[in-house]
Each structure stands twice: as C-alpha cells, then as structure tokens.
Amino acid sequence: MTKLEKAVYKTLFHCFDIKPEDSLCILIDRANRELGQIYLERALKAKLEAFLLEIPSLDGRMSEPSFKVTKIVTQFSAILTLTASCLIYSNLVQHARHNGARIICINQPSQE
C-alpha cells in the first residue's frame, strides 16, 4: 500500500469513521479530480455507497456551490470536499451539518 493509499484509508475509516450504513459524497473540483477518484475507488472497494460529484472551480473565499449541488450533497450522511476553495463556511456545509451529515473539508490550492 502506497503512502497515498494509506492516507486515503486513514482519512475515510479512522478520521471520518465511515461505516457500512453511511452514504458518502466526495465533492471535487477539476483540479482535484484524480485525488477524488482515488477516494471513490477506496470507498467502493469497501462496498460503501459512494458518489463523486465534480463542481466548477470556485473563485475567492466567498464563492458558493449552486443550490442544486447543495440539494444533492445534503442527502448524504458523510461528505468529503476536495476543492481548491475553502467550503467550511459555505451554505452547503451549514445545510449538510443541519441535516446531521459528517463533513471533512480538504483544501488543496489549484496549481493551474
């Protein structure tokens, strides 16, 4: 197992404490597509209900994903965001938390 695979495993099953009954949404932007795919493959390997959703890159700290994206994402019990923009204070995260979802936001600034 590579270091990246170990980190993905630890993030999902130790930090996030994903359980078989959880539904996982992995929210990515284009810059993080490859990393999102690795998380998705690991989740599917563990036979989890997992979904990868790519959104357009957001500009600036105050940008918000669309209402449609928020509506989709808030249906999951666990949400992992892998985006260049910070979503921790977004309406999306606030709505998801209100619905009882567990959320991890990992920000990786775009190299583009």
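Numbering of residues starts from 1 in each chain and follows the order in which that chain's sequence is written. Residue-level local features of this predicted model are given only where pLDDT is at least 70; pairs of side-chain atoms are given and counted only at 80 or more, and the full residue set underlies all totals for whole chains, interfaces and linings. In computing side-chain values, all of the structure's heavy atoms are included and hydrogens and water are not.

## Quick notes on the overall build of the protein
Phase 1: Helix and strand content of the protein: four helices and four strands.
Phase 2: Beginning at the N terminus, the succession of helices and strands in the protein can be written as α-β-α-β-α-β-α-β.
Phase 3: Summarising its shape, the C-alpha atoms of the protein cover approximately 35 × 35 × 20 Å along the three principal directions.
Phase 4: Contacts in the protein between residues far apart in sequence, at least 24 positions, make up 71% of those at least 6 positions apart.
Phase 5: Only the protein chains shown count as cover for residues, and all accessible areas are computed by the Shrake-Rupley method using a 1.4 Å probe. Of the accessible surface of the protein, which amounts to about 7,000 Å², a share of 54% is contributed by carbon and sulfur atoms.
Phase 6: For this count, His and the chain ends are skipped, Lys and Arg are scored as positive, and Asp and Glu as negative. In plain terms, the charge of a residue is placed at NZ if it is Lys, CZ if Arg, CG if Asp and CD if Glu. Computed over 14 positive and 12 negative side-chain charges, the inter-centroid distance for the protein is 4 Å. Where helices and strands are cited, they refer to DSSP runs of H or I of at least four residues and of E of at least two residues respectively, numbered from the N terminus. Contacts: residue pairs with any heavy atoms within 4.5 Å of one another.

## Section: the nonpolar core
Phase 1: Within the largest apolar cluster, 17 residues are counted, with the highest numbers of intra-cluster contacts made by L12, F16, I18, L24, I26, Y39 and L80.
Phase 2: Residue assignment for this core shows that the elements contributing at least two residues are α1 (3-15), β1 (23-29), α2 (33-45) and β3 (78-83).
Phase 3: L27, L58, V69 and V93 belong to the second largest nonpolar core, which has 14 residues in total. Only buried Ala, Val, Leu, Ile, Met, Phe, Trp, Tyr and Cys residues count toward a nonpolar core, and they belong to the same one when joined by side-chain atoms within 4.5 Å. Each residue is placed in one exposure class: buried if its accessible area under a 1.4 Å probe, protein chains only, is under 20% of its type's maximum, exposed if it is over 50%, and partly exposed if it falls in between.

## Quick notes on unusual backbone geometry
Phase 1: Positioned with a positive phi, D17 is a non-glycine residue whose angle comes to about 55 degrees.
Phase 2: Tracing the chain through its elements places D17 in the loop between α1 and β1.
Phase 3: At K47, a position not held by glycine, the phi torsion is positive, near 60 degrees.
Phase 4: Structurally, the position occupied by K47 is in the loop between α2 and β2 (49-55).
Phase 5: Overall, the relative accessible area of 74% leaves K47 in the exposed class.

## Notes on α1
Phase 1: Every buried residue of α1 is listed here: V8, T11, L12 and F13.
Phase 2: For α1, the elements touching its buried residues are β1, α2 and β4 (102-107).
Phase 3: Note on α1: the residue one or two positions beyond its end, D17, has a positive phi of about 55 degrees.

## Overview of the packing of aromatic side chains
How two aromatic rings sit relative to each other is set out by the distance from centre to centre and by the angle between their planes.
Phase 1: Think of it this way: a Phe, Tyr or Trp ring, Trp meaning its six-membered ring, pairs with another when their centres are within 6.5 Å, and the plane angle makes it stacked under 30 degrees, edge-to-face over 60, tilted otherwise. Here the structure, examined in full by the defined rule, presents two aromatic pairs.
Phase 2: Ring centres 5.9 Å apart and planes at 20 degrees place the aromatic pair F51 and F76 in the stacked group. Of this pair, F51 sits in strand β2 while F76 sits in the loop between α3 (67-73) and β3, and the two are 25 residues apart along the sequence.
Phase 3: Directly above the aromatic system of F16 lies the positively charged group of R102, at a separation of 5.6 Å from the ring centroid. In this scheme, Lys NZ or Arg CZ marks a charge over a ring once it lies within 6 Å of the ring centre and within 35 degrees of the ring normal.

## Some remarks on the confidence of the model for the protein
Phase 1: On a range of 0 to 100, pLDDT expresses the predictor's confidence in each residue. Residue-level pLDDT values for the protein average 88, and 93% of them are 70 or greater.
Phase 2: Of all helices and strands in the protein, the one with the weakest mean pLDDT is helix α4 (residues 91-98) (87), whereas α2 scores best (96).

## Topic: the packing of α1 against α2
Helix-helix packing is characterised by the crossing angle of the two axes and by the distance between the axes.
Phase 1: Across the interface, α1 lies against α2 with an axial gap of 10 Å and an inter-helix angle of 65 degrees. Crossing hand, α1 versus α2: right-handed. Taken together, the residues of α2 that come into contact with α1 (itself represented by L4, A7, V8, Y9, T11, L12 and F13) are L35, I38, Y39, R42 and A43.
Phase 2: Looking at the contact of α1 with α2 residue by residue, the class counts come to ten nonpolar, one polar and one charged. To get an axis, a line is fitted to the C-alpha atoms, and for a helix only the part in contact is used. The angle between two axes follows their N-to-C directions and goes from 0 to 180 degrees. Here a crossing is called left-handed whenever its near helix is offset anticlockwise from the far helix by less than a right angle, and right-handed whenever the offset is clockwise. Asp, Glu, Lys and Arg are counted as charged, while Ala, Val, Leu, Ile, Met, Phe, Trp, Tyr, Cys and Pro are counted as nonpolar; the rest, among them Gly, fall into the polar class.

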